[in-house]
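Listed here are the chains, written in short residue letters.
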Amino acid sequence: MFTAIYFDFIKFCDKIIVYFGGDYMIKMGNILDEKDSRLRSISNEVVFPLSKKDKKAIKDTIEYLTNSQIPEISEKEGLRPGMGLAAIQLGINKRFFVVVHEITREEDKKQKFNTYIIVNPKIISHSEEIIAADTGEGCLSVNREVDGYVKRFARVTIEAFDIDGKPITIRAREELAIAFQHEIDHLNGILFIDKITNNINGIRTI
Ligand code: NI
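Enquirer: Explain the sheet that holds strand S6 (residues 152-153) to me, and be specific about the residues and the numbers.
Expert: Taken in spatial order, the three strands of this open sheet run S6-S4-S10, and their pairing is mixed. If you trace the sheet from one side to the other, it starts and ends with S6 and strand S10 (204-205), each paired once. Pairing between strand S4 (residues 130-132) and S6: two bridges, direction antiparallel. Each residue of the ladder has a partner; that of Ile 130, found in S6, is Phe 153.

Enquirer: Before we move on, can you summarise the sheet that holds strand S1 (residues 84-86) with the specific residues and values?
Expert: Judged by pairing direction, the sheet is antiparallel, and its five strands sit side by side in the order S1-S2-S3-S7-S8 without closing on themselves. Edge positions in the sheet fall to S1 and strand S8 (167-173), since each has one partner strand and no second. The average angle at which neighbouring strand axes cross in this sheet is 40 degrees, direction not considered. The pairing of strand S2 (residues 96-102) with strand S3 (residues 113-126) spans seven bridges and is classified as antiparallel.

Enquirer: Mind laying out helix H4 (residues 174-187), listing which residues take part and the relevant values?
Expert: Over its 14 residues, H4 extends 21 Å from the first C-alpha to the last, a length consistent with the 20 Å expected when each residue adds 1.5 Å. Counting buried residues along H4, eleven of its 14 residues qualify, which places the element largely inside the surrounding structure. Next to the buried residues of H4 lie S1, S2, S3, S6, strand S7 (155-161) and S8.

Enquirer: Which residues make up the pairing of S3, and what are the values?
Expert: The pairing of S3 with S7 spans five bridges and is antiparallel. Each bridged residue has a counterpart across the sheet, and for Ile 123 the counterpart in S7 is Ile 158.

Reading guide: rules and limits
- Residues numbered from 1 in each chain as written.
- Predicted model: local features only at pLDDT ≥ 70, side-chain atom pairs only at ≥ 80, totals over all residues.
- Pairing = 2+ DSSP bridges.
- Helix = DSSP H or I, 4+ residues; strand = E, 2+ residues; numbered from the N terminus.
- Axes fitted to C-alpha atoms, helices over the stretch in contact; angles between N-to-C directions.
- Expected span 1.5 Å × (residues − 1).
- Buried ≥ 20, exposed ≤ 12 C-beta atoms within 10 Å, placed from the backbone.
- Contact = placed C-beta atoms within 7 Å.

Below, the structure is given as structure tokens:
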């Protein structure tokens, strides 16, 4: 299931040059801050085909998220590291997001990432098990340290559409499952800071 999806992503992604030498389309200043009320709106379902503007936002987001997770680039360009960004964080009131998930293993010489472009997602099933990120969560729209944990399902299955409107089903677990739930919350006007708890008794942290 994953393989087919990746091929589509790769087809899309291989046209993207990850490092443009500092000419970034998305800078921290383009990302809405938590005080911006637009982040509290419920985003609208996407009607296909995606507009040119939306496709460009997706391309720019992939570029930002990838570069932000490459230390040499993020430090040089002052990019705050992030693995996910929802359209509304760029002021686009539509139900799509991008997650760039690092999958580098020790033996890899270069960092490796899986890129997910997720449109009109729905969580169709989830585990009973709840987990929390042991360092807490972060968000490119929340520019401060926030103590505490966020409880998330350990595993989720999502039905969504890819960038071309083709239905996709993705099963995600652990860190990737947390990222998807965080981004789907954005589509519903919810920020992780709304869900902060200090009580994680009996919950596995990852
Ligand atoms: Ni966020």
